[in-house]
Amino acid sequence: GRETRGGMAANFWMSSHCQEWLRCKADDAKTPLQQEKTRRNRLILSESEETKLRVHLAMFISNLGKHNQVRCRQRVIATATVYLARFFYNNSYKDFHPHLIAATAVYLASKVEEWPVQPN
């Protein structure tokens, strides 16, 4: 079993984050869900365009978090970036508008990190 302290794995390599969320390209080809997501993404984006979109969305979240009407901590921005990556790990960019999901990730991260953001 996993050693835990306060509900978290004592060893990163045994943590649920490492075991369940860190993936490589070889993992993407293994499951039918991942194959379908990749197929749908390739209808609208090449692999290099998808990489550029991921970088753009990380910068979008960072800029959104620094905006005068939002102003949230770096921890909220980092959490939102992880949520966005996890969301699009299982969902296609073709099915959801990336900026809407990014804004939603910032809002959710602000709640989880207890740094309230009021949408206007």
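Overview of the structure. (Residues numbered from 1 in each chain as written. Predicted model: local features only at pLDDT ≥ 70, side-chain atom pairs only at ≥ 80, totals over all residues. Heavy atoms only, no water.)

Quick look at the packing of helix α3 (residues 32-42) against helix α5 (residues 74-90) now. At a minimum axis separation of 8 Å, α3 and α5 run at an interaxial angle of 100°. In terms of orientation, α3 lies roughly perpendicular with respect to α5. Across from L33, Q34 and K37 in α3, the residues of α5 making contact are F88, Y89 and N90. Its residues assigned to classes, the contact of α3 with α5 comprises three nonpolar, two polar and one charged. (Axes fitted to C-alpha atoms, helices over the stretch in contact; angles between N-to-C directions. Helix = DSSP H or I, 4+ residues; strand = E, 2+ residues; numbered from the N terminus. Parallel < 35°, antiparallel > 145°, perpendicular 65-115°, else oblique. Contact = heavy atoms within 4.5 Å. Nonpolar A, V, L, I, M, F, W, Y, C, P; charged D, E, K, R; others polar.)

It is worth spelling out the packing of helix α4 (residues 47-66) against helix α6 (residues 98-112) at this point. Between α4 and α6, the least distance of the axes is 10 Å, while the angle of their chain directions is 45°. Classed by the angle they form, the pair α4 and α6 counts as oblique. Two packed elements cross with a definite hand, and for α4 against α6 that hand is right-handed. Together, L53, H56, L57, F60, I61 and L64 of α4 and P98, H99, A102, A103 and V106 of α6 make up the contact between the two elements. When grouped by side-chain class, the residues that make up the contact of α4 with α6 number nine nonpolar, two polar and no charged. (Left-handed = near helix turned anticlockwise from the far one by under 90°.)

Applying the stated criterion to the full structure yields three aromatic pairs. Ring geometry for F87 and F88: centres 5.1 Å apart, planes at 85°, overall edge-to-face. Here F87 and F96 contribute two aromatic rings whose centre-to-centre distance is 5.0 Å and whose plane-to-plane angle is 80°, an arrangement assigned as edge-to-face. Since its relative accessible area comes to 25%, F87 is described here as partly exposed. Since its relative accessible area comes to 33%, F96 is described here as partly exposed. A connected cluster of aromatic rings, assembled from ring pairs, spans F87, F88, Y93 and F96. (Phe/Tyr/Trp six-rings, centres within 6.5 Å; stacked < 30°, edge-to-face > 60°. Buried < 20%, exposed > 50% of the residue type's maximum accessible area, 1.4 Å probe, protein only.)

Structural measurements only, silent on function.
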